[in-house]
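# Architecture at a glance
Listed below are the residues making up each chain.
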Amino acid sequence: MSDRVEIIESKTKESDKPLILEGFPDTGLVGMIATSHLVNSLDFEQVGHIESTYFPPMITVHEGEMYEPVGIFYRNNVYVVTSELPIPMQGVYPVIHALVKWMKGKSPTVIFSLGGIPEPDRIKVDDPTVFALPNGKEAAEVLKTLKGPELLKEGFLVGPKAMLLKECKKIGAPALGLFSQAYYKYPDPGAAAKILRVLSAFESTKVDVTPLIESAEQLRVQYRDIMRRTEEEMSQMEKSRELEVPGLLV
Amino acid sequence: MHDDEFVSEANRLEKRMKKMSEEVTRRIKEFEYSSGILEPLYEVSERPGEVIVSIDMPGVSKEDVVLHATESRLYVDAECKRKICLKGVRGHEKVFTRYRKTISLPSPVDPDLAKASVRNGVLEIKLPKRKGGVKIEVD
C-alpha cells in the first residue's frame with residue numbers, strides 16, 4: 001500500500017460531472033448519519049473503499065456479509081464516501097490528500113463535505129441552522145441554488161472536513177461544506193435530517209427523512225459507540241476550537 | 001531529556017492511554033450487555049457560578065428519572081419505557097431498559113439548589129457552585 005492510503009474502486013461507473021458527498025464521523029455524527037441514511041434509503045451500490053494503515057484492521061459484518069468500514073457508494077451520478085470510523089488524528093492529512101486527489105479525478109460538479117457544527121444550546125434549538133462554506137466561486141454558485149443555508153462568516157473549522165475544503169481549493173476542485181448546528185458529543189439525527197433537506201434541491205439526492213426522524217431515539221443509542229470513539233479523535237484535534245473566536249483577522 | 005527520549009516517552013504514554021481507553025470501553029460494553037443497563041453519553045461544563053451536566057438518554061421522560069447529587073458527584077438512574085433493542089455481538093438482539101451513571105463534578109456544588117429538565121431525551125442539570133472563601137477588597 002503506497003503512501004499508507006489507497007482508494008480502491010472495485011466497480012467502475014460512467015459518471016459525468018457527478019456530485020460527491022463526504023460524511024466522515026464528526027460533531028454529532030451528522031455527516032455520517034446523513035450519508036448513511038441516503039445510501040440505505042436510495043439503495044446506493046458500493047463501488048469502492050478506502051484502505052489505510054491509519055485505520056484499525058477491521059471489517060464490518062452485516063447479515064452474514066463482509067463490508068468495508070470506509071466505503072464509496074454510487075447511484076445516479078452521485079458518489080458518497082461514508083465511514084464507520086473517524087479518521088485518526090495522524091491520518092487526517094494523508095487520507096484527505098488521497099481522497100481529494102481521487103475526487104478531483106471524477107471532475108465533480110461539486111464536492112459536499114457534510115457535518116455538524118457544535119451548538120452549546122442545541123437542547124433549545126428545534127430547527128437547527130445549516131451553515132455553508134464554499135471554497136471558491138464555483139462552489140459559491142452551487143450554494144446560491146440551495147435553500148436554507150447561511151454563509152459561515154466567522155469561526156474555526158477543525159478536522160478532516162476543514163482539510164478537505166482546503167485541499168480541494170489547493171488543487172482546484174469545487175467544494176462546499178454544509179454544517180448543521182448539532183450536539184457536540186451526542187449523535188444528532190435531527191441535524192442530519194436538516195442537511196438532507198438542504199440537499200433535496202438535487203433530484204438525485206432527494207430522500208424522505210421521515211424514517212430518520214422517527215427512528216432518531218434508536219439511532220442515538222445505536223451510534224453511541226461510534227460517537228465515543230469519534231469524540232476521542234476530535235479532542236486530539238482540538239475540535240473545541242470551533243467554539244472559539246479567531247483573533248488574526250479582525 | 002534528549003529529543004529522542006522525549007519522543008519515545010510520549011509514544012509510550014500515548015500507547016498506555018490508548019490501552020486504558022480500550023479497557024474502559026470493553027468494561028462498559030461488558031457491563032451493558034450483562035446488565036441490560038446502558039451507560040449514557042454525557043457532558044460536563046462549567047460556567048461562572050454553576051456546573052452544567054447534560055446526559056443523552058433517548059426515550060426517557062422526566063417522570064422516569066431519579067437524580068441524586070452530593071457536593072462532588074451526581075448519580076442518575078432512569079427507566080426507559082420504550083425498550084431499546086440493539087443488535088449485539090454476533091447479531092444477537094439485546095433489550096435495554098435503563099440508563100445509569102455516576103458523574104464526578106469538577107467543582108463543589110450546592111446540591112439543594114440544583115435544577116433539572118428533560119427535553120427530547122436530553123437531561124440537563126444545573127448545579128450552582130458552592131460559595132466559599134472570602135471576598136478580598138482591591139485597594
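Residues numbered from 1 in each chain as written. Chains lettered and ligands numbered in written order. Predicted model: local features only at pLDDT ≥ 70, side-chain atom pairs only at ≥ 80, totals over all residues.

Helix and strand content of chain B: 1 helix and 8 strands. Beginning at the N terminus, the succession of helices and strands in chain B can be written as α-β-β-β-β-β-β-β-β. For a compact globule of 139 residues, the expected C-alpha radius of gyration is about 14 Å, and chain B comes in at 20 Å, more than 25% above that figure. When its C-alpha atoms are laid out on the principal axes, chain B stretches across 70 × 55 × 20 Å. For chain B, the residues scored as buried account for 19% of the 139 residues in total. Counted over contacts in chain B with a minimum sequence separation of 6, partners at least 24 positions apart contribute 53%. (Helix = DSSP H or I, 4+ residues; strand = E, 2+ residues; numbered from the N terminus. Rg over C-alpha atoms; globule rule 2.2 N^0.38 Å. Buried ≥ 20, exposed ≤ 12 C-beta atoms within 10 Å, placed from the backbone. Contact = placed C-beta atoms within 7 Å.)

With that settled, consider the sheet that holds strand 6 (residues 93-104) of chain B. Residues and elements named next belong to chain B. Ordered by their spatial adjacency, 4 strands build an open sheet running 1-6-5-4, and the pairing between neighbours is mixed. In the strand order of this sheet, the two ends are held by strand 1 (37-38) and strand 4 (65-69), each with one partner. Where strand 5 (residues 73-87) and strand 6 come together, 11 bridges link them in antiparallel fashion. Considered in strand 6, the bridge of Arg73 is made with Ser104. (Pairing = 2+ DSSP bridges.)

In this section: the confidence of the model for chain A. Looking at chain A, pLDDT values average 93 and 98% of them are 70 or higher. When mean pLDDT is compared element by element in chain A, strand 2 (residues 19-23) of chain A scores highest at 98, while strand 4 (residues 60-62) of chain A scores lowest at 87. (pLDDT = per-residue confidence, 0-100.)

Okay, the environment of Thr82 of chain A next. Residue and element names in this part refer to chain A. Here Thr82 shows up in strand 7 (residues 78-83). Accessibility expressed as a C-beta count within 10 Å gives 25 for Thr82, which makes it buried. Spatially, the C-alpha atoms of Thr82 and Ile72 are 6.6 Å apart, while their sequence positions differ by 10 residues. Other than its neighbours up to four places away in sequence, Thr82 contacts Gly23, Met32, Thr35, Ser36, Val39, Gly71 and Phe73.

We now examine the sheet that holds strand 3 (residues 50-56) of chain B. All names here are of chain B. Spatially, the 4 strands line up as an open sheet ordered 2-3-8-7, and their pairing is antiparallel. The open sheet has two free edges, formed respectively by strand 2 (41-47) and strand 7 (115-119), since each of these has just one partner strand. Taken pair by pair, the neighbouring strands of this sheet meet at an average axis angle of 15°, ignoring direction. Examined bridge by bridge, strand 7 and strand 8 (residues 122-128) share 5 bridges and lie antiparallel to one another. Paired with Val118 across the two strands is Leu123, which belongs to strand 8. (Axes fitted to C-alpha atoms, helices over the stretch in contact; angles between N-to-C directions.)

Here we come to the domain arrangement of chain B. Interface size is commonly expressed as the accessible area that is lost once the parts come together. Residue and element names in this part refer to chain B. In terms of domain boundaries, chain B breaks down into domain 1 (1-35) and domain 2 (37-128). Each of domain 1 and domain 2 has a C-alpha centre, and the two are 26 Å apart. Listed as interface residues are 4 residues of domain 1 and, on the opposing side, 5 residues of domain 2. Of the residues in the side of domain 1 that touches domain 2, the class split is 2 nonpolar, 1 polar and 1 charged. (Domains from an automatic or database assignment. Nonpolar A, V, L, I, M, F, W, Y, C, P; charged D, E, K, R; others polar.)

This next bit is on the pairing of strand 11 (residues 175-182) of chain A. All names here are of chain A. Buried residues dominate strand 11, accounting for 8 of its 8 residues. In this structure, strand 8 (residues 110-118) lies alongside strand 11, joined through 8 bridges in parallel fashion. Within the sheet, the bridge partner assigned to Ser113 lies in strand 11 and is Gly177. Here strand 9 (residues 130-134) pairs with strand 11 via 5 bridges, running antiparallel. Within the sheet, the bridge partner assigned to Ala132 lies in strand 11 and is Leu178.

On the chain B side, the residues contacting the 12 residues of chain A number 15 residues. Counting residues per element, the ones that place at least two in the side of chain A that touches chain B are helix 7 (216-222) and helix 8 (224-236) of chain A. Counting residues per element, the side of chain A that touches chain B draws most heavily on helix 7 of chain A, which supplies 5 residues. Residue composition of the side of chain A that touches chain B, by class: 4 nonpolar, 2 polar and 6 charged.

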